[in-house]
Each structure stands twice: as structure tokens, then as C-alpha cells.
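# Report on the structure
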Amino acid sequence: MFALVEIQDYVRIPPSKFGRQLEETVEEELKAKYEGAVISIERGEEEKPVLGIIVAITSANTDPLGIIIPGDGATYHKVSFNALVFTPFEKEVVEGQVASVTRAGLYVNLGVLDGFVHINQVADERVVFDTARGSLLLEETRRYVDKGDVVRARIYVVGLFPGKGLRIHMTMRQPWLGKMEWIEKTREGSQK
């Protein structure tokens, strides 16, 4: 779910920051540019790229001798830095707390961002939105999924959502997935 990635780039240092320590200024500029950004990570020639979100810049090595581009008073420094990247992948099993319940489904907090479970992917039985309670109701078993519940789900799509960034779609319709309370009851029943 997380990876440490090495990235190379040039960092622009504006003239207003020339009197400051170069390392601190470079780190500040890298954080402003990259933290929270969606990136594509190349893993090899035969594997498809993985999408991820940069969570933190962990270290940076900067060439102190910058270059100047005519017409721009800033200096540009070559930098190599390490970044901690949230990289969800298809078929990964994740756990998180339900952040919100809507008519369309559940948004589950995965730490860095919320994953989405469509109402049809919550359970193998019919699921409806209970407007009075603001929860999803499983009609046959009369079980509920409420905001704040902890659930386990499997990621089946990771993609870019135009204008909103990374989008994660998940399912809870497989064995040993769903609300953690349901999983515990199933486990206890299978041990008898």
C-alpha cells in the first residue's frame, strides 16, 4: 500500500528566497509541489504503471550549483529525492472506517483518501439506504452499515477521476469481507 520512490527533478528557487539555507528552501519547494500530487510509478517493462499519491518527502540531495534561465531571476537546482507514496493496487484487501454513507454506497477512510463501495458491492443480498437512520440496510439479515463502522474490502479498480484525483472502487461481496463485526461472528461460528 505504500512505497518509497526516488524521483529526480529541477527545483526553482525564487529570488525572494536566495538568503535562506538551500536545503531548507528546496525541501519547502518540493513539499509545495509534490505532497498530495498523483503520480504514475513505472515498475518495469512488462508490468503496467501504478498510480499513487505522494504523502511525504523524506530526503533530498540538491546540486548546490544551480542554473539560470535568461528572463527568469530564479535559480534551478537539480535534485534527487525520496518520497513516501500511497500506492493502492487491484485485488488488495484493505480495512478502514466508514467515513460517510450515501444512497450510492459507502466512503471508507483508507488513511490517505477515501475508497468507495457501491451499494451493489456491499453484500450478496439486497441493500437499501435507510433515510431515517442514514445507514445501509441489508434486507434479508436486517444488518446495518453505519458511519464509523470498521469494514474490510477488496480494491477492484484504481483510476483517475477527472478533476478529483485518484479514485478507488472496492467490493465487500467476497468471503471474509464486510463489516468487521460480521467477519468476527462468521469466524466464531466456523470454530465451533
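Attention in this report is confined to the structure presented alongside it. (Residues numbered from 1 in each chain as written. Predicted model: local features only at pLDDT ≥ 70, side-chain atom pairs only at ≥ 80, totals over all residues. Heavy atoms only, no water.)

A few words now on the pattern of salt bridges. Scanning all chains against the criterion turns up 14 salt bridges. Residues lysine 31 and glutamate 27 are paired through a salt bridge, measuring 3.2 Å at the closest nitrogen-oxygen approach. In this pair, lysine 31 and glutamate 27 both sit in helix H1 (residues 22-34), four residues apart, roughly one turn of the helix. Residue lysine 31 is classed as partly exposed on the basis of its relative accessible area of 34%. With its nearest N and O atoms 2.9 Å apart, the salt bridge here joins arginine 133 to aspartate 146. Taken together, the residues arginine 133 in the loop between strand S9 (127-130) and strand S10 (135-138) and aspartate 146 in the loop between strand S11 (143-145) and strand S12 (150-161) connect sequence positions 13 residues apart. (Salt bridge = Lys/Arg side-chain N within 4 Å of Asp/Glu carboxyl O. Helix = DSSP H or I, 4+ residues; strand = E, 2+ residues; numbered from the N terminus. Buried < 20%, exposed > 50% of the residue type's maximum accessible area, 1.4 Å probe, protein only.)

A few words now on a nonpolar patch on the surface. Residues Phe2, Leu4, Val55, Leu84 and Val112 make up a contiguous nonpolar surface patch of roughly 400 Å² in combined accessible area. Residue valine 55 is classed as partly exposed on the basis of its relative accessible area, which comes to 33%. (Patch = residues over 30% accessible without salt bridge, like charges linked within 9 Å, V, L, I, M, F, W, Y side chains within 5 Å. Areas by Shrake-Rupley, 256 points an atom, 1.4 Å probe, with all protein chains shown as cover.)

This part covers the nonpolar core. Counting 26 residues, the largest nonpolar core has Leu106, Val122, Leu136, Val145 and Met170 as the members making the most contacts within it. Of all elements in the fold, only strand S6 (93-101), strand S7 (105-109), S10, S12 and strand S13 (165-171) reach the threshold of two or more residues within this core. With four residues, the top contributor of residues to this core is S12. Those residues in contact with leucine 136 that lie beyond four places of it in its chain are Val101, Thr102, Gly105, Leu106, Ile119, Val122, Val127, Val128, Phe129, Arg143, Tyr144 and Val145. (Core = buried A, V, L, I, M, F, W, Y, C linked by side-chain atoms within 4.5 Å. Contact = heavy atoms within 4.5 Å.)

Another aspect to go through is H1. The terminal C-alpha atoms of H1 lie 18 Å apart, and with 13 residues this matches the ideal 18 Å at 1.5 Å per residue to within 8%. Of the positions making up H1, those classed as buried are Leu22, Thr25, Val26, Leu30 and Tyr34. Down the axis of H1, the buried side of the element spans an arc of 140°, and every buried residue falls inside it. Counted as exposed and oriented over 90 degrees from the buried face of H1: Glu24 and Ala32. The secondary structure elements touched by the buried residues of H1 are strand S1 (2-13), strand S3 (50-62) and strand S5 (75-86). Looking one or two residues past H1, glycine 36 carries a phi angle of roughly 90°, positive in sign. (Expected span 1.5 Å × (residues − 1). Arc of directions from axis to C-beta.)

This part is about the pairing of S9. For S9 and S10, the ladder comprises four bridges, and the chain directions are antiparallel. Counted as the bridge partner of phenylalanine 129 is leucine 136 from S10. In this antiparallel pair of consecutive strands, S9 and S10, the connection spans four residues, and glycine 134 shows a positive phi of 70°. (Pairing = 2+ DSSP bridges.)

All right, on to the side chain of aspartate 149 then. Mapped onto the secondary structure, aspartate 149 falls in the loop between S11 and S12. Judged by its relative accessible area of 16%, aspartate 149 is buried. For aspartate 149, the side chain forms a polar contact with the side chain of lysine 179, separated by 3.1 Å. Apart from residues lying up to four places away in sequence, aspartate 149 is in contact with Gly96, Gln97, Val98, Tyr144 and Lys179. (Polar contact = N/O pair within 3.5 Å; in protein donor to acceptor, adjacent residues only side chain to side chain.)

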